2 protein chains.
Amino acid sequence: MTNEISDDARHKNKMANRKAVQDAEVAAKTIEKGLLIVHTGKGKGKSTAAFGLLLRAIGRGLRCGVVQFGKGAWQTGERTAVERFGDQVQWHTLGEGFTWETQDRARDVAAAERAWSVARDLMADPSIRFIVLDELNISLRYDHLEIGAVLEALKARRPDQHIVVTGRNAKAELIEAADLVTEMTLVKHHFAAGVKAQEGIEF
Amino acid sequence: MTNEISDDARHKNKMANRKAVQDAEVAAKTIEKGLLIVHTGKGKGKSTAAFGLLLRAIGRGLRCGVVQFGKGAWQTGERTAVERFGDQVQWHTLGEGFTWETQDRARDVAAAERAWSVARDLMADPSIRFIVLDELNISLRYDHLEIGAVLEALKARRPDQHIVVTGRNAKAELIEAADLVTEMTLVKHHFAAGVKAQEGIEF
């Protein structure tokens, strides 16, 4: 009889099993908490995925904060777009550009400390429910900030506050402390084919 | 004399070299084109990074389109947020939910074909400069759509139109045709620790 089962029936059966597994998995998850999310790796999409999450949080009515540790004070498309939401989002671009632009370690350290101080203020603000610490990993990697102090503050986040940290080379201690870690892996990049950075895509 | 060079001077020198390399690399890139971008892999961030790019494109004033092949007709945070931009973004959620929800292959195929038809319309619209084809990879993987026809259309995109395709298991032919491919790799997921899907993060 087995070979008389139609493809459709087989498909239906397989999918019914999968739905049962899926439903059981969902039911088993009951914890709600403030997540510490890390986007790392050499691929594209670390910051953009953080801003995609920001867009989702905005849509759910959460008040949000963004602190950019790496970027200099230039206006990106995402920042312009987010201005539409007024004071629902506090956006702070506090880096001095990448370090090979500034060529001054003391200045990089001072900029990282300023940015971290703003991040601490956002974390302490009870109205702020979602925070992006963009390129914080770079400041940690170059020891512009002390990992111990940063981790202590991140671990003490409130249960109703989600924090996303981006940047290459996330430290092992940060990955250990995080709830969700994604590594963006570069498979193929158009820069290698001579394509330039274009408005609306790269900035 | 070498050991008298200060750390600061060494740092400055290293960063100056890096800046020179960086500047030369930027200058060598001259091509502008409509990019085909693929986000694949088992990790989180494929769709959210596409929506982060959408936010950037919105901020640059580009008219945009979104077609969701996988999701059922429920309202996500990102969609709610994007409504703020009125008709700058056309958002079409045309899936019937995941296939283990519908348990009906013919219905999945019909839904994929409807979504693809809308995608073709957006690609043909000269005012649309940026398109997200969310979870198209799933429709291709299950052969709900024919890869040859989809690839032909994607390759024929206009030079002023960027297209982002998301979903696990991107087909090799699509990766071959793409300009930029990122694989989102799952390092750690909070669902495994019993944390439930939370509003503002997962939806």
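- If you check an unreviewed UniProt entry, chain A appears there as Corrinoid adenosyltransferase from Reyranella humidisoli.
- Looking at the Sequence similarities (unreviewed entry) heading of the UniProt record, one finds this comment for chain A: "Belongs to the Cob(I)alamin adenosyltransferase family."
- UniProt lists a comment for chain A under the heading Function (unreviewed entry), and it reads "Required for both de novo synthesis of the corrin ring for the assimilation of exogenous corrinoids. Participates in the adenosylation of a variety of incomplete and complete corrinoids."

### Here's the deal with the sheet that holds strand S4 (residues 128-134) of chain A
Right, on to step 1. Pairing is mixed across the open sheet formed by 12 strands, whose spatial order is S3(A)-S2(A)-S4(A)-S5(A)-S1(A)-S6(A)-S6(B)-S1(B)-S5(B)-S4(B)-S2(B)-S3(B). One side of each edge strand has no neighbouring strand; the edge strands of this open sheet are strand S3 (89-93) of chain A together with strand S3 (89-93) of chain B. The sheet shows a mean angle of 15° between the axes of neighbouring strands, taken without regard to direction.
Right, on to step 2. Pairing geometry for strand S1 (residues 36-40) of chain A and strand S6 (residues 180-188) of chain A, over 4 bridges, is parallel. Note on S6(A): the bridge partner recorded for A:Ile37 is A:Leu180.
Right, on to step 3. Strands strand S2 (63-68), S3, S4 and strand S5 (162-166) of chain A of the sheet are contacted by helix H5 (residues 105-124) of chain A, whose axis makes an angle of about 170° with S2(A).

### Quick look at the packing of helix H2 (residues 46-59) of chain A against helix H2 (residues 46-59) of chain B
Right, on to step 1. At a minimum axis distance of 6 Å, the contact between H2(A) and H2(B) shows a crossing angle of 80°. Between H2(A) and H2(B), the interaxial angle falls into the category roughly perpendicular. Facing H2(A), whose interface residues are A:Thr48, A:Ala49, A:Phe51, A:Gly52, A:Leu53, A:Leu55 and A:Arg56, H2(B) presents B:Thr48, B:Ala49, B:Phe51, B:Gly52, B:Leu53, B:Leu55 and B:Arg56.
Right, on to step 2. Across the contact of H2(A) with H2(B), the residue classes tally to 8 nonpolar, 4 polar and 2 charged.

### Remarks on the relation of the copies chain A and chain B
One copy of the chain maps onto the second through a rotation around an axis plus a translation along that axis.
Right, on to step 1. Least-squares fitting of chain A to chain B yields an RMSD of 0.0 Å, with the superposition described by an axial translation of 0.0 Å and a rotation of 180°. These values place the two chain copies in the arrangement generated by a two-fold rotation axis.
Right, on to step 2. Take the interface residues of chain A: 100% of them recur as interface residues in chain B, which is what a same-surface contact looks like.

### Some words on H2(A)
All names here are of chain A.
Right, on to step 1. With 14 residues, H2 extends 20 Å between its outermost C-alpha atoms, agreeing within 8% with the 20 Å of an ideal straight helix rising 1.5 Å per residue.
Right, on to step 2. Judged by how many residues are buried, H2 sits mostly within the fold: 14 of 14 residues are covered.
Right, on to step 3. At the C-terminal side of H2, Gly 61 shows a positive phi close to 85°.

### Quick look at the nonpolar core
Right, on to step 1. If you look at the biggest cluster of nonpolar residues, it comprises 46 residues, and the most contacted ones within it are A:Leu54, A:Phe130, B:Leu54 and B:Phe130.
Right, on to step 2. Apart from the residues within four sequence positions on either side, A:Leu54 is in contact with A:Cys64, A:Val66, A:Val82, A:Val89, A:Trp91 and A:Phe130.
Right, on to step 3. Membership of the second largest hydrophobic core comes to 29 residues, among which are B:Met123, B:Leu145, B:Ile163 and B:Val165.

### Comments concerning unusual backbone geometry
Right, on to step 1. You will see that A:Asp143, though not glycine, has its phi angle at about 55°, which is positive.
Right, on to step 2. Overall, the relative accessible area of 47% leaves A:Asp143 in the partly exposed class.
Right, on to step 3. Even without being glycine, B:Glu135 reaches a positive phi, approximately 70°.
Right, on to step 4. Its relative accessible area of 11% is what places B:Glu135 among the buried residues.

Parameters at a glance
- Residues numbered from 1 in each chain as written.
- Chains lettered and ligands numbered in written order.
- Predicted model: local features only at pLDDT ≥ 70, side-chain atom pairs only at ≥ 80, totals over all residues.
- Heavy atoms only, no water.
- UniProt positions renumbered as here; feature names shortened; annotations may be inferred.
- Pairing = 2+ DSSP bridges.
- Helix = DSSP H or I, 4+ residues; strand = E, 2+ residues; numbered from the N terminus.
- Axes fitted to C-alpha atoms, helices over the stretch in contact; angles between N-to-C directions.
- Contact = heavy atoms within 4.5 Å.
- Parallel < 35°, antiparallel > 145°, perpendicular 65-115°, else oblique.
- Nonpolar A, V, L, I, M, F, W, Y, C, P; charged D, E, K, R; others polar.
- Least-squares fit on C-alpha atoms with pLDDT ≥ 70 in both.
- Expected span 1.5 Å × (residues − 1).
- Buried < 20%, exposed > 50% of the residue type's maximum accessible area, 1.4 Å probe, protein only.
- Core = buried A, V, L, I, M, F, W, Y, C linked by side-chain atoms within 4.5 Å.

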